[in-house]
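A look at the structure
So you can see what is in the structure, the chains are spelled out below.
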Amino acid sequence: MPLDLDWVMAVQANTSAIERRAQTLPGRRSVKKDYQAAWLCKAISLMDLTTLSGDDSEGRVRRLCAKARQPVAQPILEALGMEGLTTGAVCVYHDMVATAVDALQGTSIPVAAVSTGFPAGLSPFHLRIAEIGESVAAGAQEIDIVISRRHVLTGNWQALYDEMKEMRAACGDAHIKAILATGELGTLRNVARASLVCMMAGADFIKTSTGKEPINATLPVTLTMIRAIRDYQDRTGIKVGYKPAGGISKAKDALVYLSMIKDELGDRWLQPDLFRFGASSLLGDIERQLEHHVTGAYSAQWRHAIG
Ligand SMILES: O=C[C@H](O)COP(=O)(O)O
């Protein structure tokens, strides 16, 4: 849709109310204990399993893809009735896309590539656009772009819209996630406005962070962005996805995020085409929790069986 500056400028964010609400969330009994294992398996299916390090190698990416294909030990999956569970995607730098595509052959797990000069997004614009095309040509089905934060900080919404629109076009059929780097945007009002402008310009997802900022995914930012997504859908009928990324490493945190999504956006957003976790270490903690859940259940049966 065209840039609607009146709508953008009318957007406010009640920071204190958002922060008060966010403080109540971790303490809520988000998910009944009995269902936690099911929700943790849901979290795995919604995860962009990520490695974004300067020392990434083909071997590391192949090991990551093996985990994406088999995120939890087979006996645990069988005990949970979750055979065939995989992650939502694998997320890597451009140079690792071909390796990931090869390692995921025979699965439906897409490869996401961070792009456009990730994480700073300050390389020459024509090269940022070219990088998108290179990653799509290498087999990436999802492109995680970074926006120019200065356009938000200076209120240059037309420039942000134009850049996002051109990146959207360069993706072709690939899905585009707009990384706002919210930790560098100053205020929640800027986060809300940048979210809206990127959605107007065609973003399929809006994503909190690169994971490289000092502050990455937070609950107040999440509330701000998912409410922008809800408002956008209410006014346009268009559903945009949400990806919190950076610093989400504990299973209990994933459950809080999922309950927020359920409360604020509804079950439709609990699907991989509308929600993803961007995470490199979250899977490890979820796997430990699931192993404990299954082992604990067995030991209860064993105790019962032997009287
Ligand atoms: O989605 C991309 C992020 O870099 C993942 O951040 P993390 O390593 O803190 O999980």
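Coordinates for the structure precede this section.
For clarity, every value in this text was computed on a predicted model and none was experimentally measured.

**Notes on the state of the cysteines**
In a disulfide, the sulfur atoms of two cysteines are held together by a covalent bond. Scanning the entire structure with this criterion turns up zero disulfides. Here C198 is not cross-linked by a disulfide; its sulfur's nearest cysteine counterpart is in C171, at 12 Å. Taking the relative accessible area as the measure of exposure, C198 reaches 0% and is therefore buried.

**Re the pairing of strand β2 (residues 89–92)**
Along β2, one buried face is formed by A89 and C91 and the opposite face, lined by V90 and V92, is buried too. Note that strand β1 (residues 47–50) and β2 share three bridges and pair parallel. In the sheet register, L49 faces β2, and the bridge partner there is V90. The pairing of β2 with strand β3 (residues 111–114) spans three bridges and is classified as parallel. Bridge pairing in β3 links V90 to V111. For the segment spanning β2, helix α6 (residues 97–103) and β3, crossover handedness is right-handed.

Definitions and limits used
- Residues numbered from 1 in each chain as written.
- Predicted model: local features only at pLDDT ≥ 70, side-chain atom pairs only at ≥ 80, totals over all residues.
- Heavy atoms only, no water.
- Disulfide = S-S within 2.5 Å.
- Buried < 20%, exposed > 50% of the residue type's maximum accessible area, 1.4 Å probe, protein only.
- Helix = DSSP H or I, 4+ residues; strand = E, 2+ residues; numbered from the N terminus.
- Pairing = 2+ DSSP bridges.
- Right-handed = clockwise from strand over helix to strand, strands pointing away.

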